[in-house]
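Fold and geometry: a report
The chain contents come next:
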Amino acid sequence: MEVSPPHKRRKHNKDVKFTTHFAQLSLTTRAHYQTLFEESRICFTEKNYKELFLRLLPKLRKICIHFKLYKFENDLVPLQFEQQDVSTNLKLESILTRRVLQEKVDCSICLSTPSHALITRCTHIFCRNCIRKWFACARNKGLCPYCRGLLTIDDMFSETRPDTKLEILMKLLRQDTSTNSKSVIFTRYDDALCYFHVHLHHAGFNCLIYTTKKLKYCENSIQKFENSDGPVVLLVDFETARRKQILINAECRVFLLDACRKSIEEELVARVTQPVSVSRLISENTIEDKILSLDETFTETDTLDFYDDQVLRYLLDEDSTI
Ligand SMILES: [Zn+2]
Ligand SMILES: [Zn+2]
């Protein structure tokens, strides 16, 4: 690792290709997203910046990276039954979509926005986990928790789960099968670093982390990365990377996990001496699209960040909800 002179902004090689890969929010993630987005708009109108910057915006941005960073829920417990895919039943699919996104219906068991929504043929909506727990109790088996109607496996339909950023990232990482392939992943959130680290590690990737925040992973992870001759992934906290002006001396692919302004993207990519390609992962129709377009909308201001009213108004504009 080298450290470039302070205050000198490195420019990345203009030839490197940037590609955007779009992830979709699932139905229930979208419902959570909309609630947060509306709360953020209210906070902005009321000039409650503390709440907006410290709580809502980070939550909004994290939910775009992965819903697990917003609400931790253990869904690794296998279900006792396989539900049908709701996309095979158009009528139930439209009811589920309307009731979750527009009517903001709650799960009738836990009384909150359903996660991994499931709809029964009697059109009652629950979290997948809530119904699993309900059925775990013998006397409830085969009965709808809401209307007590009879339910079989054929009567329960789960929402279709689109690919998350994690799945897209894994696919992209696997595409490069060369034996010494190196990839750097940038994100601003420590919990995203940890979450992705755990899951990539479980999926068999050789992973290293670089951050100086809560975790005590330090600079030698960059040296290990540079010296490694097998396929390796380095997860980097980008605030630390920017602040410490790190330089990663390696030929590698770069992945940007959360949306940032293009000027910041370029600065991040310049932290790598030989970037082969840059892939940004963006959740479609969210605040992430808008963040990405900030530089085209607000050209003159280099220091401009989210703390500007104009920028906030643009980011929290109504039409970015759907
Ligand atoms: Zn529930
Ligand atoms: Zn029912």
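Before reading on, note that the structure itself is shown above.
This write-up is about the structure you can find in this document. (Residues numbered from 1 in each chain as written. Chains lettered and ligands numbered in written order. Predicted model: local features only at pLDDT ≥ 70, side-chain atom pairs only at ≥ 80, totals over all residues.)

**Details of the overall build of the chain**
The number of helices and strands found in the chain is 12 helices and 11 strands. Residues classed as buried in the chain amount to 35% of the 322 residues present. Once local pairs closer than 6 in sequence are excluded, the contacts in the chain between residues at least 24 apart make up 70%. (Helix = DSSP H or I, 4+ residues; strand = E, 2+ residues; numbered from the N terminus. Buried ≥ 20, exposed ≤ 12 C-beta atoms within 10 Å, placed from the backbone. Contact = placed C-beta atoms within 7 Å.)

**Here we look at the nonpolar core**
With 58 residues, the main nonpolar core has V184, I185, F186, V236 and L256 as its most contacted residues. When residues of this core are assigned to their parent elements, the largest contribution, 7 residues, is made by helix α2 (residues 49–65). Here this core spans two domains, since at least three of its residues come from each of domain 1 (2–25 + 164–320) and domain 2 (27–158). Excluding its chain neighbours within four sequence positions, the residues that come into contact with I185 are F196, V233, L235, V236, F255 and L257. (Core = buried A, V, L, I, M, F, W, Y, C linked by C-beta atoms within 7 Å. Domains from an automatic or database assignment.)

**Re helix α3 (residues 90–102)**
For α3, built from 13 residues, the straight-helix expectation of 18 Å at 1.5 Å per residue is met to within 8% by its first-to-last C-alpha distance of 17 Å. K104, located one to two residues past α3, shows a positive phi value of around 50°. (Expected span 1.5 Å × (residues − 1).)

**Here's the deal with the sheet that holds strand β6 (residues 156–158)**
If you trace the 4 strands from one edge of the open sheet to the other, you get β3-β6-β4-β5, paired in mixed fashion. Strands at the two margins of the open sheet, each flanked by one partner only, are β3 (84–85) and β5 (125–127). This element, α3, spans β4 (117–120), β5 and β6 of the sheet and lies at about 130° to β4. (Pairing = 2+ DSSP bridges. Axes fitted to C-alpha atoms, helices over the stretch in contact; angles between N-to-C directions.)

**Points about the packing of helix α1 (residues 27–45) against α3**
For the pair α1 and α3, interaxial distance at closest approach is 9 Å and the crossing angle is 20°. When the interaxial angle is binned, α1 and α3 end up roughly parallel. Once α1 is placed against α3, the crossing between them reads as right-handed. Only L96, T97, V100 and L101 of α3 make contact with α1, whose side of the interface consists of L27, T28, R30, A31 and Q34. A class-by-class count of the residues in the contact of α1 with α3 yields 5 nonpolar, 3 polar and 1 charged. (Parallel < 35°, antiparallel > 145°, perpendicular 65-115°, else oblique. Left-handed = near helix turned anticlockwise from the far one by under 90°. Nonpolar A, V, L, I, M, F, W, Y, C, P; charged D, E, K, R; others polar.)

**Side note on the environment of D163**
Within the fold, D163 resides in the loop between β6 and α5 (165–175). A count of 15 C-beta atoms within 10 Å places D163 in the partly exposed class. With 141 residues separating them in the primary sequence, D163 and F22 have C-alpha atoms 9.2 Å apart. Excluding anything up to four places from it in sequence, D163 contacts A23 and I168.

**Section: the packing of α1 against α2**
For the pair α1 and α2, interaxial distance at closest approach is 10 Å and the crossing angle is 155°. What the angle tells us is that α1 and α2 run roughly antiparallel. The handedness of the crossing between α1 and α2 is left-handed. Residues T29, H32, Y33, L36, F37, E39, S40, C43 and F44 of α1 lie in contact with α2, whose contacting residues are E51, L52, L56, L57, K59, L60 and I63. In the contact of α1 with α2, the residues fall into 10 nonpolar, 3 polar and 3 charged.

**Regarding the pairing of strand β10 (residues 246–256)**
Examined bridge by bridge, strand β7 (residues 182–187) and β10 share 4 bridges and lie parallel to one another. Of the residues in β10, the one forming a bridge with V184 is V254. Relative to strand β11 (residues 272–283), β10 runs parallel, the two sharing 6 bridges. By the bridge assignment, I248 is partnered in β11 with V272. The parallel pair β10 and β11 is bridged by helix α9 (residues 262–269), and the resulting crossover is right-handed. (Right-handed = clockwise from strand over helix to strand, strands pointing away.)

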